[in-house]
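Architecture and fold: a report
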Amino acid sequence: MMSQMPQPTALSRCPSCEEPLEAADRFCGACGYDLSAVSAPPQDHPTIAMNGSEAGLPPAAPSVDWPRAEEPGSTDTPAPVHRAADIQGTDSGGSELPHPEHPERPGDPEHAQADPAGPRPPAARRPASKPSGVRFDRPSEPDEYPLAPPAQGSGPGTPADPRTADLPAPPAGAKVCVACRAGQVDTDGYCENCGHAQPRERDHMEQELGAVAAVSDRGLRHHRNEDAFAVSSTALPDGSPAVVAIVCDGVSSATRPDEASLAAAHAANESLLAALPLGTHPQAALHEAIVAASEAVNALAGPDTAQGENAPHVNAPACTIVGALVTSTLLIVGWVGDSRVYWVPADRTSLPARLTEDDSWAAQMVAAGLMNEAEAYADERAHAITGWLGADAYELEPHTVSFKPDRPGVVVVCTDGLWNYAETAEEMAEAVPLDAAERPLHAARVLVGHALDGGGHDNVTVAVLPFPAPSQGAGSA
């Protein structure tokens with residue numbers, strides 16, 4: 001029987017002289033090279049580098065001496081099984097794989113301390129020389145935490161349970177926590193007993209004196225309430241009533257605006273309560289009250305924030321102010337800044353009116369005839385104020401105006417946190433409840449709610465005073 005001839009190798013060119021070959025050639029026709037001695041080329045395709053040249057082959061990996069499986073004998077004992085972790089070798093970075101014979105190599109930082117979870121399969125370990133890309137700096141957390149037994153006794157260092165402990169009553173005048181109703185509130189606004197944060201007093205304030213009511217709210221966007229108000233009533237020398245409402249709006253871009261508005265409101269109110277019973281004309285008394293408020297705000301500025309040659313642009317505490325004074329026959333308003341006073345007649349067929357003019361960029365544009373009111377207040381500069389109380393303010397020019405309404409109504413004193421949502425007199429009158437003269441606190445709450453429903457972008461403060469001032473006993477607050 002003839003031996004089988006070797007099959008031709010599918011080559012396109014001779015390996016020796018590059019002569020083109022036919023598929024059935026066994027020898028090169030040009031140089032006589034024996035083509036049957038050439039092994040067949042691999043059937044895959046070369047990797048082409050981005051520049052078009054063929055990429056070089058990767059370096060050969062070190063050979064691994066794989067153990068040979070023993071042939072099964074005549075017995076039923078199965079052949080031994082070898083796992084990959086049993087074989088010495090290297091990982092993709094060239095580092096030696098751990099091996100059961102020496103699972104903890106000296107000098108390996110990963111094994112410097114014993115593993116509290118016990119030995120792990122070698123395949124789960126990583127060599128220290130190659131980071132994994134994720135690192136956990138904290139040890140693994142246990143699935144369950146043992147609970148410590150309740151502390152016994154009442155020795156030093158044992159915390160008191162606010163639910164059962166017999167805590168001493170806070171000193172007289174101290175604030176009591178709204179959460180545990182037992183602990184005293186520290187100056188930082190937290191309960192000394194349970195640590196509960198207390199609501200800030202100025203986030204929402206209400207006050208009613210029968211003839212006047214006011215409500216102030218932080219709003220929905222600001223982190224604190226920088227508005228303040230003061231309401232009071234007193235008697236003139238002839239015994240007729242005089243009712244006062246002062247509303248101040250802290251300038252947010254200034255330092256400590258909440259302190260400025262509070263100081264101004266209290267100073268103006270105290271000034272009026274001192275001057276009116278002495279017979280000072282109400283319009284002159286309101287003018288002097290605004291001056292007193294300005295001095296109180298100026299006093300908040302230290303030597304380094306007061307206006308002067310060396311510090312003309314320092315940002316001192318500042319606020320705006322608006323006030324209304326109602327007697328049995330007169331309505332006097334005074335202001336510096338952009339807070340407002342509106343007149344809303346009890347007879348809603350009569351026209352309402354805005355009684356103040358803003359100290360603002362928009363008002364100046366309208367007064368100069370450069371823009372109409374709608375255009376001016378639509379501009380982003382509309383609320384830039386040109387008048388305020390503060391050590392860095394321009395020369396103080398309080399505005400005061402006296403009116404003699406010929407019919408009953410209500411006076412609305414408010415910050416821009418309200419009138420931003422009811423700018424015109426007609427819009428404000430529409431928002432004021434019909435029974436505002438009989439229920440001023442309810443009316444003030446409704447108006448604050450109107451601003452919050454509209455977005456509450458600013459602090460909102462509103463005072464409502466019925467006109468004429470009702471005859472009643474004098475008092476103050």
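The structure this text deals with has already been given above.
Note that this is a predicted model, so its numbers are computed, not measured.

Some points on the overall build of the protein
The helix and strand tally for the protein stands at seven helices and 12 strands. When contacts within the protein are restricted to residue pairs at least 6 apart in sequence, long-range pairs at least 24 apart make up 59% of them.

Focus on the environment of Cys31
With respect to the element layout, Cys31 can be found in the segment before β1 (204–208). Classification of Cys31 as partly exposed rests on a relative accessible area of 39%. Along the sequence, Cys31 and Ser16 sit 15 residues apart, while their C-alpha atoms lie 7.7 Å from each other. When residues no more than four places from it in sequence are discounted, the contact partners of Cys31 are Cys14, Ser16 and Cys17.

With respect to the packing of aromatic side chains
Tallying each qualifying case throughout the model produces three aromatic pairs. With centroids separated by 5.9 Å and ring planes inclined at 80 degrees, the aromatic side chains of Trp343 and Phe467 adopt a geometry described as edge-to-face. With Trp343 in strand β7 (residues 340–345) and Phe467 in strand β12 (residues 460–467), the pair connects residues that are 124 residues apart, well separated along the chain. The pair formed by Trp343 and Phe467 is uniform in burial state, with each residue classed as buried. Between Tyr377 and Trp419 the ring centres are 6.1 Å apart and the planes differ by 90 degrees, which places this aromatic pair in the edge-to-face class. Note that Tyr377 is positioned in helix α4 (residues 373–378) and Trp419 in helix α5 (residues 416–419), a separation of 42 residues in sequence.

Observations concerning the pattern of salt bridges
For side chains of opposite charge, pairing can occur when their charged atoms come near one another. Scanning the entire structure with this criterion turns up 11 salt bridges. Put simply, Arg224 and Asp258 hold a salt bridge, and the shortest N to O gap is 3.6 Å. With Arg224 in the loop between β2 (213–217) and β3 (227–235) and Asp258 in helix α1 (residues 257–275), the pair connects residues that are 34 residues apart, well separated along the chain. With a shortest N-O distance of 3.0 Å, Asp435 and Arg439 are connected by a salt bridge. Connected through shared salt-bridge partners, Arg340, Arg354, Asp358 and Glu373 make up one network.

A closer look at the packing of α1 against helix α2 (residues 282–298)
It is at 7 Å that the axes of α1 and α2 come closest, and there the two elements cross at 145 degrees. Both α1 and α2 take part in a crossing whose hand is right-handed. Mapping the contact onto sequence places Ala260, Ala263, Ala264, Ala267, Ala268, Ser271, Leu272 and Ala275 in α1 and Ala285, Leu286, Glu288, Ala289, Ala292, Ala293, Ala296 and Val297 in α2.

Quick notes on the sheet that holds β2
Here six strands make up an open sheet; going across it, the order is β1-β2-β12-β11-β7-β8 and the pairing antiparallel. With one partner strand each, in any of the chains shown, β1 and β8 (353–354) form the two edges of the open sheet.

A look at the side chain of Thr356
Here Thr356 shows up in the loop between β8 and α3 (361–367). When its relative accessible area of 2% is taken as the criterion, Thr356 is described as buried. Polar contacts involving the side chain of Thr356 include one to the main-chain amide nitrogen of Val341, which spans 3.3 Å. With residues up to four places along the chain from it excluded, the contact list for Thr356 reads Val322, Val333, Trp335, Ser339, Arg340 and Val341.

Criteria and cut-off values
- Residues numbered from 1 in each chain as written.
- Predicted model: local features only at pLDDT ≥ 70, side-chain atom pairs only at ≥ 80, totals over all residues.
- Heavy atoms only, no water.
- Helix = DSSP H or I, 4+ residues; strand = E, 2+ residues; numbered from the N terminus.
- Contact = heavy atoms within 4.5 Å.
- Buried < 20%, exposed > 50% of the residue type's maximum accessible area, 1.4 Å probe, protein only.
- Phe/Tyr/Trp six-rings, centres within 6.5 Å; stacked < 30°, edge-to-face > 60°.
- Salt bridge = Lys/Arg side-chain N within 4 Å of Asp/Glu carboxyl O.
- Axes fitted to C-alpha atoms, helices over the stretch in contact; angles between N-to-C directions.
- Left-handed = near helix turned anticlockwise from the far one by under 90°.
- Pairing = 2+ DSSP bridges.
- Polar contact = N/O pair within 3.5 Å; in protein donor to acceptor, adjacent residues only side chain to side chain.

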